[in-house]
Amino acid sequence: MIVEEIMNEEPYTLAPTNTVFEALKLMREKKVRHLPVIDEERHVLGVITERDIKEALPSSLRDEPNSPVFNAKVEEIMVKNPLVGHPLDFVEEVALTFYESKVGCLPIVSGGKLVGIVTTTDLLYTYIELTGATEPGSKIEIRVSDTPGILFEITKVFNKHHANVQSVLVYPDSENTQNKILSVRVKTLNPLAMIKDLRKEGFDVLWPNLPGVSLQ
Amino acid sequence: MKKAVFVYSPEQLGYKFSDTHPFNHKRLTLTMDLLKNIEALDDLDIVPARVATEEELLLAHDPKYIDIVKRAGHGELSEAQCESYGIGTEDTPIFENMHEASAQLVGGTLTAVDYVMEGKVEHALNLGGGLHHGFRGRASGFCIYNDSTVAIRYLQEKYNARVLYVDTDAHHGDGVQWSFYEDPDVCTLSIHETGRYLFPGTGNITERGNGQGYGTSFNFPIDAFTEDESFLEIYEKSMREVFEFFKPDVVLTQNGADAHYFDPLTHLYGTMNIYREIPKLAHKLAHEYCGGKWIAVGGGGYDIWRVVPRAWSMLWLEMTDQQLPTGPLPQAWLDRWQPEAPVPFIPTWEDPNPLYEPIPRKAEIEEKNTQMLAKALHIIRNEKRA
Ligand SMILES: [Zn+2]
C-alpha cells in the first residue's frame, strides 16, 4: 500500500504570516493537531503542531488571548524544513519514519508542492483495517514452521470451506525462531470445521489459549 | 392483566439451514416440551407468531436485499449470485422458503411487542427471535433478518417508545448496535466474549455511539474463560447503571444461551446459574423502570440438548412468576429425547458442581473484567459526578 491511498488530500494549511492565535483557532475548529505552513506556490516551509504552540506558551498564559506569543507569526515557532514524504512512499516506510524520528505527521510533497498529509492516526487506522477488525469475522491463530509453501497449504483448507479470508498477519514465534504464527481473520461465525481440518492437516491451531487450559 | 404470553408457531421451525448446521430451532421444541412436562406452559399461554409484512421488514432492511432473500429461497439464484449479500455461505446457506421463515421469526417478535405495548400482558417471549447479526443489506452469522432491529424501529414508530436493548448472547450484538449507533433514543447494551478470537470481533468498550447517539451504546467485552461470578458482576452492575442512566420506556432482552461452558462455539465458562440470574434482574428492572414492559427474544445457543432447554425454561418461568425449579428434570422428558441426543443429558436443573477443572489465572481474568467494567461505565459515572 502506498501513502497516496491513505493520505488526507485536502489538509488545512497556514501561511507563514498567520499568527499563532490563528493557528490555534484552526486546530481547535478542525480538530487537527498538525498544520503545514506553505507559501503561495504551495512549497512547504514548515510544520506547526499543537505541541509546538503549547511549548512556546507559559501555561499561565494559555487562555490569555493578549499574550505576545499569540500574536507572533507562525514562522517564528514552526519547525522549519520538516521531514516530508512522497505519494509513492510505502506505508510501512512512513511508519518507520514516524517511529524513528518521533514526528506526528508528514507533509506529502510532489513536484515541490504540498499534495497531502499523513498523521500517526491515519497510519493507526490503516493498521486496524489491515487486521480486518472492522468486519465481522473470527480469528484463528496457527503456528507453522517457517518454510516455503506453508501459506498455500493453509489457504487450501479455507478454500475447501468456501471461507472468505479477511486478513492474514504473520508474527515471529517468541518461543521458537523456526516457527511463525499466522493470524487469520475469516468471515465466519462457526470456524470449528475449518479448525478441525487444519488440525487434521497437522497444523498447530492456537485457540483462545491460557496456560494449562486446552479447548477441544 | 395476564402476566405473559409465549409466542410460537410451528412455522418458525422452517428456519433451518441443514441437519448439520449449528443453528437449530429444534431447541424450541425441546424447550416447550420441557416446560409442558413440568406444567409450566399451558396451551392458553401460547399465541401464534404473525408474519412480518414487507413494509415492516423495510424498517430495517434494503428492498434489494429482501428481494434477493426471496428469490434465493425460491431457487432462482445461485450461491455465487447471493454471496455479496452474505447468503449462500457456510454460515448462512440458502434454504427453501428462507424469506418466509425469516419473516415469521421477525413477525413473532412484533407479535410480542404488540401484546406488551397494547397492555394485554406485561411481558412477552419470542424464543424464535434474537437474530442480532443481521445487517441492513446483508446476512451475517446465521442471521437473515434482524428481528430486534425491526421491532425497535416498530416500537419507535408505532408506540413512540424509548427502548433499551440488552444482549447477553456470548457474541456481540453488532447488527442491532450499528442500526441505532446514531440514535439517542435507543440504547444498546451488549455483554459478550471479547472479539479477540470470537465472531464478530467488534463490541469494544470504545464503541459508544456516534453523533447524537454518542453515549447510548454500551459494550462489555469479557475475557474468554470468564466464569459465573465475574459474568454476573458485570451483568448486574452494567444493567443497574444503564437503566438508571437511560430510563427506558420498554426493555427488549436478547437471551442467547451460548455463554455456557458446554457451548461449542464460544469460550466462556458460564453454568446454569447465569441463566437463572439473567432473567431475574431484567424482570425486576423492567418493573422498576418500565412499568413491567419487557419483551424477550432468544438468540444463540448451540448446545441444544444440555443447555438451551434448561436455560430458556428459566426465562419463561421467571417471566410468569413461577418458582425456578431445582433438582431432577422430568424423567418423561429425559426418556423422550435422550435417544436422539448425541450427548448424555444433565439430569438436573442445576449443573453438576464442579462442572469443569479449575481455571488457572481465574483471579486475573476477574480483575481484567472489573477493570473493563469501570472503563465502559466511566462515561456515565463521570456525568453523574458532574
Ligand atoms: Zn451468540
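This one's a predicted model, so the numbers in the text were calculated from it and none came from an experiment. (Residues numbered from 1 in each chain as written. Chains lettered and ligands numbered in written order. Predicted model: local features only at pLDDT ≥ 70, side-chain atom pairs only at ≥ 80, totals over all residues. Heavy atoms only, no water.)

Engineer: Before we go on, may I ask you to explain the overall build of chain A in this structure?
Structural biologist: Helix and strand counts for chain A stand at nine helices and nine strands. On C-alpha atoms alone, chain A measures out to a radius of gyration of 24 Å, which is more than a quarter above the 17 Å that the 2.2 N^0.38 rule sets for 216 residues. Its C-alpha atoms put chain A at 70 × 40 × 30 Å along the principal axes. Put simply, 60% of the contacts in chain A that link residues at least 6 apart link residues at least 24 apart. In the structure as shown, chain A presents an accessible area of about 12300 Å², 52% of it carried by carbon and sulfur atoms. Side-chain charges of chain A comprise 23 positive and 31 negative groups, with the mean position of each set lying 7 Å from the other. (Helix = DSSP H or I, 4+ residues; strand = E, 2+ residues; numbered from the N terminus. Rg over C-alpha atoms; globule rule 2.2 N^0.38 Å. Contact = heavy atoms within 4.5 Å. Areas by Shrake-Rupley, 256 points an atom, 1.4 Å probe, with all protein chains shown as cover. Lys, Arg positive; Asp, Glu negative; His and termini not counted. Charge placed at Lys NZ, Arg CZ, Asp CG, Glu CD.)

Engineer: Got a minute to help me understand the state of the cysteines in this structure?
Structural biologist: All names here are of chain B. Inspection of every chain in the model, using the stated rule, returns zero disulfides over all chains. Take Cys187: it sits in no disulfide, and the sulfur closest to it among the cysteines is that of Cys290, at 11 Å. The exposure class of Cys290 is buried, given its relative accessible area of 3%. (Disulfide = S-S within 2.5 Å. Buried < 20%, exposed > 50% of the residue type's maximum accessible area, 1.4 Å probe, protein only.)

Engineer: What is the right way to read the pairing of strand β6 (residues 217-222) of chain B from this model?
Structural biologist: Each regular strand carries side chains that alternate between the two faces of the sheet. All names here are of chain B. For β6, the tally of buried residues reaches six of six residues, placing the bulk of the element in the interior. The alternating pattern of β6 places Ser217, Asn219 and Pro221 and Phe218, Phe220 and Ile222 on opposite faces, both of which are buried. Bridge analysis of strand β5 (residues 186-193) against β6 gives six bridges, and the strand direction is parallel. Note that in β6 the partner of Ser190 across the bridge is Asn219. (Pairing = 2+ DSSP bridges.)

Engineer: Help me understand the pairing of strand β1 (residues 34-38) of chain A, please; the structure alone is not making it clear to me.
Structural biologist: Residues and elements named next belong to chain A. Summarising burial for β1: five of the five residues are buried, a large majority. Residues His34, Pro36 and Ile38 of β1 are buried on one face, and the alternating residues Leu35 and Val37, pointing to the opposite face, are buried as well. Joining the antiparallel neighbours β1 and strand β2 (residues 44-49) is a turn of five residues, in which Arg42 adopts a positive phi near 60 degrees.

Engineer: What is the right way to read the packing of aromatic side chains from this model?
Structural biologist: Two aromatic rings, taken as a pair, are described by how far apart their centres are and by the angle between their planes. With the rule as written, the count across this model stands at 22 aromatic pairs over all chains. Plain terms: the ring middles of B:Tyr65 and B:Tyr145 are 6.1 Å apart, the flat faces sit at 90 degrees to each other, and that makes the pair edge-to-face. On the criterion of sequence distance, the pair formed by B:Tyr65 in helix α3 (residues 63-73) and B:Tyr145 in the loop between β3 (121-126) and α6 (147-159) is long-range, its members being 80 residues apart. A relative accessible area of 1% means that B:Tyr65 is categorised as buried. Judged by relative accessible area, which is 2%, B:Tyr145 ranks as buried. Members of the aromatic cluster, joined through ring pairs, are B:Tyr15, B:Phe17, B:Phe23, B:Phe95, B:Phe142 and B:Tyr302. Its guanidinium or amino end placed over the ring of B:Tyr197, A:Lys139 lies 5.9 Å from that ring's centre, counting from NZ or CZ. (Phe/Tyr/Trp six-rings, centres within 6.5 Å; stacked < 30°, edge-to-face > 60°. Lys NZ or Arg CZ within 6 Å of the ring centre and 35° of its normal.)

Engineer: I keep staring at the coordination of the zinc ion and nothing clicks. Help me out?
Structural biologist: Tetrahedral coordination by four donors sets the ideal angle at the metal to 109.5 degrees; octahedral coordination by six donors sets it to 90 or 180 degrees. Residues and elements named next belong to chain B. Summarising the metal site, the zinc ion is bound by the protein donors Asp169 (OD), His171 (ND1) and Asp258 (OD), whose distances to it range over 1.8 to 2.0 Å. Read in sequence order, the donor residues for the zinc ion give the motif D-x1-H-x86-D. Per residue, the accessibility class of Asp169 equals that of His171, and both read buried. (Donors = N, O, S within 2.8 Å, 3.2 Å for Na, K, Ca; no water.)

Engineer: How should I be thinking about the UniProt feature "domain: Histone deacetylase" (unreviewed entry) in chain B in this particular structure?
Structural biologist: Here the UniProt feature "domain: Histone deacetylase" (unreviewed entry) sits at residues 21-317 of chain B. Counted over residues 21-317 of chain B, helix gives 40% and strand 12%. Its end C-alpha atoms are 29 Å apart. (UniProt positions renumbered as here; feature names shortened; annotations may be inferred.)

Engineer: Got a minute to help me understand the nonpolar core in this structure?
Structural biologist: Across soluble globular proteins, you tend to see nonpolar side chains buried next to one another. Residue and element names in this part refer to chain B. Ranked by size, the top nonpolar core spans 81 residues in total, and within it Phe6, Phe220, Phe231 and Met239 carry the most contacts. With nine residues, helix α9 (residues 272-290) is the single largest residue contributor to this core. In this structure Phe6 touches Met32, Leu35, Leu41, Asp45, Ile46, Val47, Leu125, Leu127 and Trp316, once residues within four positions along its chain are discounted. Listed in part, the 58 residues of the second largest apolar core include Cys82, Phe95, Ala112 and Ile295. (Core = buried A, V, L, I, M, F, W, Y, C linked by side-chain atoms within 4.5 Å.)

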